[in-house]
Amino acid sequence: IFATALYASNYFNDRRLADIQATQDNISIDILSLETQFDLLAEHSCADIVENSVLSDELQPLGSRLSYLEQQPNVNQDELARLKRYYSLLEIKDYMLMQEVAEKCGLKPVVILYFYSNQGDCEDCENQGYALTGLAQEYPFVRIYSFDFNLGLSALRTLIDINNIQGDQLPALVIKNKVHYGLKTVEDIEKILPELAKMSTTTRNR
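Numbering of residues starts from 1 in every chain and runs along the sequence as written. With pLDDT at 70 or above as the cut-off, local features in this predicted model cover only qualifying residues; side-chain atom pairs require 80 or more to be listed or tallied, and sums for whole chains, interfaces and linings still use all residues. Processing note: side-chain calculations cover all non-hydrogen atoms of the structure and skip hydrogens and water entirely.

Participant: I keep staring at the overall build of the chain and nothing clicks. Help me out?
Facilitator: Helix and strand labels come from DSSP, where a helix needs a run of H or I of at least four residues and a strand needs a run of E of at least two; each type is numbered from the N terminus. Looking only at helices and strands, the chain has 8 helices and 4 strands in total. Reading the chain from its N end, one meets helices and strands in the order α-α-α-α-β-α-β-α-β-β-α-α. Buried residues are those whose accessible area, probed at 1.4 Å on protein chains only, stays under 20% of the maximum for their type, while exposed residues exceed 50% and partly exposed ones sit between those limits. Of all 206 residues assigned to the chain, the portion counted as buried reaches 37%. Contacts were defined at the residue level, with two residues in contact if any of their heavy atoms lie within 4.5 Å. In the chain, the share of contacts with a sequence separation of at least 24, taken over all contacts with a separation of at least 6, comes to 71%. When the accessible surface of the chain is summed, it comes to about 12,100 Å², and 51% of that surface belongs to carbon and sulfur atoms. The accessible surface values rely on the Shrake-Rupley method and a 1.4 Å probe; as for residues, cover is taken only from the protein chains in view.

Participant: Please explain the sheet that holds strand β4 (residues 178–181) as it appears in this structure.
Facilitator: Consider a sheet: its strands pair through backbone hydrogen bonds, and that pairing is either parallel or antiparallel. The criterion for strand pairing is that DSSP finds at least two bridges linking the strands in question. Reading across from one edge, β2-β1-β3-β4 is the order of the 4 strands in this open sheet, with mixed pairing throughout. The open sheet has two free edges, formed respectively by β2 (143–148) and β4, since each of these has just one partner strand. For this sheet, the mean angle separating the axes of adjacent strands, direction not counted, is 20°. Strand direction decides the pairing type here: strand β1 (residues 111–116) and strand β3 (residues 172–175), joined by 4 bridges, are antiparallel. Paired with F115 across the two strands is A172, which belongs to β3. Under this scheme, a helix contributes an axis fitted over its contacting stretch, all axes are lines through C-alpha atoms, and angles between N-to-C directions fall in the 0 to 180 degree range. Packed onto the sheet, helix α5 (residues 125–138) meets β1, β2 and β3 and runs at close to 160° relative to β1.

Participant: I would appreciate a short explanation of the state of the cysteines in the present structure.
Facilitator: Every disulfide links exactly two cysteines, by a covalent bond between their sulfur atoms. Two cysteine sulfur atoms form a disulfide, by the criterion used here, when they sit within 2.5 Å. Counting across every chain of the model gives 1 disulfide. Here C122 is linked by a disulfide to C125, with a sulfur-sulfur distance of 1.9 Å. Its S-S torsion of approximately 85° makes the covalent link between C122 and C125 right-handed. By relative accessible area, C125 is classed as buried at 5%.

Participant: Can you walk me through the pattern of salt bridges in this structure?
Facilitator: By definition, a salt bridge exists where a carboxyl oxygen of Asp or Glu is found within 4 Å of a side-chain nitrogen of Lys or Arg. Throughout the structure, instances matching the rule amount to 2 salt bridges. For K176, the salt bridge identified is with E195, shortest N-O distance 3.1 Å. Note that K176 is positioned in the loop between β3 and β4 and E195 in helix α8 (residues 195–205), a separation of 19 residues in sequence.

Participant: Is there a simple way to explain the packing of aromatic side chains in this structure?
Facilitator: Between two aromatic rings, the relevant description is the distance of the centres plus the angle of the planes. Classification of ring pairs rests on two measures: the distance between centres of Phe, Tyr or Trp rings, Trp counted by its six-membered ring, which must be within 6.5 Å, and the angle between planes, read as stacked under 30 degrees, edge-to-face over 60 and tilted in between. Evaluated as defined, the whole model comprises 4 aromatic pairs. Their ring planes at 65° and their centres at 5.9 Å tell us that Y139 and F141 sit as a pair that is edge-to-face. Looking at Y139, the relative accessible area reads 6%, which means it is buried.

Nothing here speaks to function; it is geometry throughout.
Next up, the structure:
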């Protein structure tokens, strides 16, 4: 019985590790694909980028997969950090691309920058993530970019410095160039962005 239990335990652990490795490999491929798409989109007009929103649409599910890896005990932490740095660079690229589009085309995209920590020093970060997931489901046109404050990426550090994000007050949301600290529910964000209701109605009427 003991041998059988040990075999079963080892079997399922090996399966879990294989699943994690497969997820890591798939994310690596997806990141390379997204980077290539970014280069292609950069060659198009701003109207094409806004209409298609290819890069931003695919960043969200990729982010969800990375969040899954963050919660797995047997994942290679060095590899995970590498993937997260690469993913964060893509997010910053997409954010800069949308700023360029907005300036050239006179658009006003709804953008939220989310800074979090998963080092056990941010009690509300997990719930903030859930709230933003709910917000994205309710208002799919909102662009939400999530960044690990402690990732150690120079480009990300520059973004943190530009917005003057305080690491001891996370979670932090940057909305309309203003930093909001602490847990913000969907209702809280709707109050900060009252235009969401109008834009949601416009989107449903298309």
